[in-house]
Amino acid sequence: MTDFHELALKRQSCRDFADRPVEHEKLVKCVETARITPSACNAQPWSVVVVEDSAVVPEVAKLTQQLGINEYTSKAKAFFVVLEQYAKLMPKIASLIDGQYFAKGDLGAFTVSLCLEAEAQGLATCILGLFDRPRLRELLKLPPEQPIFIVVAVGYAAKDFIRPKVRKPLEEIAKFI
Ligand SMILES: Cc1cc2nc3c(=O)[nH]c(=O)nc-3n(C[C@H](O)[C@H](O)[C@H](O)COP(=O)(O)O)c2cc1C
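Since the model is a prediction, treat every value here as computed from it, not as a measurement.

Trainee: What is the right way to look at the overall build of the chain in this model?
Mentor: Across its full length, the chain carries 7 helices and 4 strands. In sequence order, the secondary structure elements of the chain are arranged as α-α-β-α-β-α-α-β-α-β-α. The globule rule puts the C-alpha radius of gyration for 177 residues at 16 Å, and the 17 Å found for the chain is close to it. Each of the three principal axes of the chain carries a C-alpha extent, and together these read 50 × 45 × 35 Å. Expressed as a percentage of its 177 residues, the buried residues of the chain come to 29%. In the chain, once contacts between residues fewer than 6 apart in sequence are set aside, the share between residues at least 24 apart is 82%.

Here it is, written out as structure tokens:
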């Protein structure tokens, strides 16, 4: 049984991918795991486009390289493009009651599930918040009711080294009462 804390420590943003293809089955398993992520009122306000076609992967990579950043995505072998499905009725009602819109949090949890399952299978990922949204929408022929939430670059890490985590201390983020 994998220790979840160990897995969380191993997951890190990979910015140096190996020249090694990613197995289709591993990508499917990532989605299978993310599919069971909890969400407000079980609305599951997500879907994902898994880009693995070697003709399309470089096109997506280019669209994540605005402003000269994220150049390393040229070596990614696949991308998860996480889409928001506009929330169903129940979360909308909940949001009217206490002013919360839960879908973004649900989508964040879905994205992290994708990344942790990838890690569990020996893959490496990097979540990408900056990309050319209009051109990526065009490339993937997405309908207007499916906004892009985030892009995740996927591959195998070129090096095994795990960086120490830079995080706020526990005492700063948690209060035990
Ligand atoms: C919503 C979001 C957007 C991000 N966008 C980028 C990005 O565009 N490029 C990049 O290299 N890293 C990006 N990251 C990765 C963060 O920089 C990284 O998760 C953070 O520094 C913690 O490091 P770690 O993932 O290695 O633990 C993003 C992460 C998140 C959650």
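Trainee: What should I look at first to understand the nonpolar core in this one?
Mentor: Proteins that are soluble and globular tend to have nonpolar side chains buried together. Among the nonpolar cores identified, the biggest contains 38 residues, and Phe-79, Val-81, Val-82, Val-152 and Val-154 are the most heavily contacted of them. Put simply, the parts of the chain that give this core at least two residues each are helix H2 (24-35), strand S1 (46-51), helix H3 (57-63), strand S2 (78-84), helix H5 (103-120), strand S3 (124-128) and strand S4 (148-155). A total of 7 residues in this core trace back to one element, the largest contributor, which is H5.

Trainee: I tried to follow the site of the ligand on my own but got confused; where do I start?
Mentor: Taken together, Gln-12, Ser-13, Arg-15, Asn-70, Cys-126, Ile-127, Leu-128, Gly-129, Leu-130, Ile-150 and Lys-165 form the complete shell of residues around the ligand. For the shell around the ligand, the element with the highest residue contribution is S3, accounting for 3 residues. Looking at side-chain class alone, the shell around the ligand contains 5 nonpolar, 4 polar and 2 charged residues.

Trainee: Just to check I follow, could you spell out the sheet that holds S4 for this structure?
Mentor: To summarise the sheet geometry, strands pair through backbone hydrogen bonds and adopt either a parallel or an antiparallel arrangement. In spatial order, the strands read S1-S2-S4-S3; together these 4 strands make up an open sheet with antiparallel pairing. Since the sheet does not close on itself, it has two edges, and those belong to S1 and S3, each with one partner. This sheet shows a mean twist of 20 degrees between the axes of neighbouring strands, independent of strand direction. Bridge count between S3 and S4: 5 bridges; the pairing is antiparallel. In the sheet register, Cys-126 faces S4, and the bridge partner there is Ala-153.

Trainee: Looking at this model, I keep getting lost on unusual backbone geometry. Mind explaining?
Mentor: One can expect most non-glycine residues to show negative phi and most peptide bonds to be in trans. Positive phi is not limited to glycine here, since Asn-42 has a value of about 55 degrees. Tracing the backbone through its elements, the reader meets Asn-42 in the loop between H2 and S1. In this model, Gln-44 sits at a positive phi of 50 degrees, which is unusual for a non-glycine residue. For Gln-44, a count of 18 C-beta atoms within 10 Å gives the class partly exposed.

Parameters at a glance
- Residues numbered from 1 in each chain as written.
- Predicted model: local features only at pLDDT ≥ 70, side-chain atom pairs only at ≥ 80, totals over all residues.
- Helix = DSSP H or I, 4+ residues; strand = E, 2+ residues; numbered from the N terminus.
- Rg over C-alpha atoms; globule rule 2.2 N^0.38 Å.
- Buried ≥ 20, exposed ≤ 12 C-beta atoms within 10 Å, placed from the backbone.
- Contact = placed C-beta atoms within 7 Å.
- Core = buried A, V, L, I, M, F, W, Y, C linked by C-beta atoms within 7 Å.
- Near = placed C-beta within 6 Å.
- Nonpolar A, V, L, I, M, F, W, Y, C, P; charged D, E, K, R; others polar.
- Pairing = 2+ DSSP bridges.
- Axes fitted to C-alpha atoms, helices over the stretch in contact; angles between N-to-C directions.

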